[in-house]
Amino acid sequence: MPSLDALFDSLTERRVTGVDIPGYLDREHGHPVFCPWSWSACLRMDSGFLRLDSTGSGGQLALAVVDKVEVPEPLLEGDEEFATTDYGHLFLAEATPRRIVRVRYATNAESVPGLTVRCAEFTFEPHAVLFADPMWTFGIRLSGEGAYDRWVAETRENPELPYQEREWG
């Protein structure tokens, strides 16, 4: 059975250099407009990517190390031109490659052990934070410091949504 600890351990020597969001170019406005596909995000590393996908009707975050950013399946069917954009400057603060030093995440009854989590917060050295919540209406909500704690506080208020907090690092 896959283990999230093993997945996170495999990242310890890699450095995150960006947060790539896949999407497509809409050229119907006189100039190209990037339209994000918000159900996926990839932490670009010096070697490969940590791919985050909203799955399970948007209630789970699938985690996998991949070699490249792939075109999301729904975009394969149309005639859209695939592209990515980097949101890294919003969460990493500077272009310096950063190690993941801590991951806080929550699991619930829908989580698949070793493959999916309800949401996750990544902490990078020396101090930068990225929170990923796949339950957002428009795909994966990416947020910064404090978002995981706010999510925990809000979720604790609803006992009908049981979850377990976990931590790596």
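Residues numbered from 1 in each chain as written. Predicted model: local features only at pLDDT ≥ 70, side-chain atom pairs only at ≥ 80, totals over all residues. Heavy atoms only, no water.

Asks: Any chance you could break down the overall build of the protein for me, citing the residues and the numbers?
Replies: Counting its regular elements, the protein contains four helices and 12 strands. Here the protein has a C-alpha radius of gyration of 16 Å; the compact-globule value for 169 residues is 15 Å, and the two agree. By principal-axis analysis of the C-alpha atoms, the protein measures approximately 50 × 35 × 30 Å. The buried share of the protein, taken over its 169 residues, is 45%. Taking as baseline every contact in the protein between residues at least 6 positions apart, the subset at least 24 positions apart corresponds to 59%. Within the structure as shown, the protein displays about 9,100 Å² of accessible surface, and the carbon and sulfur contribution to it stands at 50%. (Helix = DSSP H or I, 4+ residues; strand = E, 2+ residues; numbered from the N terminus. Rg over C-alpha atoms; globule rule 2.2 N^0.38 Å. Buried < 20%, exposed > 50% of the residue type's maximum accessible area, 1.4 Å probe, protein only. Contact = heavy atoms within 4.5 Å. Areas by Shrake-Rupley, 256 points an atom, 1.4 Å probe, with all protein chains shown as cover.)

Asks: Outline the side chain of Arg 104, listing residues and values.
Replies: With respect to the element layout, Arg 104 can be found in strand E7 (residues 100–107). For Arg 104, the residues in contact, after removing those within four places along its chain, are Cys 119, Ala 120, Glu 121, Tyr 148, Asp 149, Arg 166 and Glu 167.

Asks: Quick one: what's the story with the pattern of salt bridges, residue by residue and with numbers?
Replies: Under the definition given, this model contains 12 salt bridges. In this structure, Asp 133 engages Arg 118 in a salt bridge whose closest nitrogen and oxygen atoms are separated by 2.7 Å. Placement of Asp 133 in strand E10 (residues 128–136) and of Arg 118 in the loop between strand E8 (116–117) and strand E9 (119–124) is noted, with a sequence separation of 15 residues between them. Each member of the pair Asp 133 and Arg 118 is classed as buried. A salt bridge links Glu 165 to Arg 156, with the shortest nitrogen-to-oxygen separation between them at 3.2 Å. Since its relative accessible area comes to 38%, Glu 165 is described here as partly exposed. Judged by its relative accessible area of 58%, Arg 156 falls in the exposed class. (Salt bridge = Lys/Arg side-chain N within 4 Å of Asp/Glu carboxyl O.)

Asks: Summarise the confidence of the model for the protein; cite the residues concerned and give the values.
Replies: Mean pLDDT over the protein works out to 91, with 99% of the residues at or above the 70 mark. The element-level mean pLDDT for the protein is lowest in helix H2 (residues 73–76), coming to 78, with E9 highest at 97. (pLDDT = per-residue confidence, 0-100.)

Asks: Tell me about the nonpolar core, and name the residues and values.
Replies: One finds Phe 8, Leu 43, Leu 63, Ile 100, Phe 122, Phe 124 and Leu 142 to be the most contacted residues of the largest nonpolar core, which totals 29 residues. In this structure, Leu 142 is in contact with Val 19, Ile 21, Ala 41, Tyr 87, Phe 91, Leu 130, Phe 131 and Ala 132, ignoring residues within four places of it in sequence. (Core = buried A, V, L, I, M, F, W, Y, C linked by side-chain atoms within 4.5 Å.)

Asks: For the pairing of strand E1 (residues 16–26), give the residues involved together with the corresponding values.
Replies: By the criterion of burial, E1 is predominantly enclosed, with eight of the 11 residues buried. Pairing geometry for E1 and strand E3 (residues 40–45), over four bridges, is antiparallel. Along E3, the bridge assignment pairs Val 16 with Met 45. Relative to strand E6 (residues 81–86), E1 runs antiparallel, the two sharing six bridges. (Pairing = 2+ DSSP bridges.)

Asks: Which residues make up the sheet that holds strand E11 (residues 139–143), and what are the values?
Replies: What the five strands build is an open sheet, ordered E11-E10-E9-E7-E12; its pairing is antiparallel. Sheet topology places E11 and strand E12 (164–168) at the edges, where each strand pairs with a single neighbour. Neighbouring strand axes in the sheet, compared pairwise and without regard to direction, differ in orientation by 15 degrees on average. As paired strands, E7 and E12 are joined by five bridges and run antiparallel to one another. (Axes fitted to C-alpha atoms, helices over the stretch in contact; angles between N-to-C directions.)

Asks: So what's going on with the pairing of E10? Which residues, and what values?
Replies: Buried residues dominate E10, accounting for seven of its nine residues. Two strands pair when backbone bridges link them, and E9 and E10 are joined in this way by five bridges, in the antiparallel orientation. From the neighbouring strand, Thr 123 faces E10, where its bridge partner is Val 129. Taking the residues between adjacent antiparallel strands as the criterion, E9 and E10 are bridged by three residues. Bridging between E10 and E11 involves four bridges; their strand directions are antiparallel.

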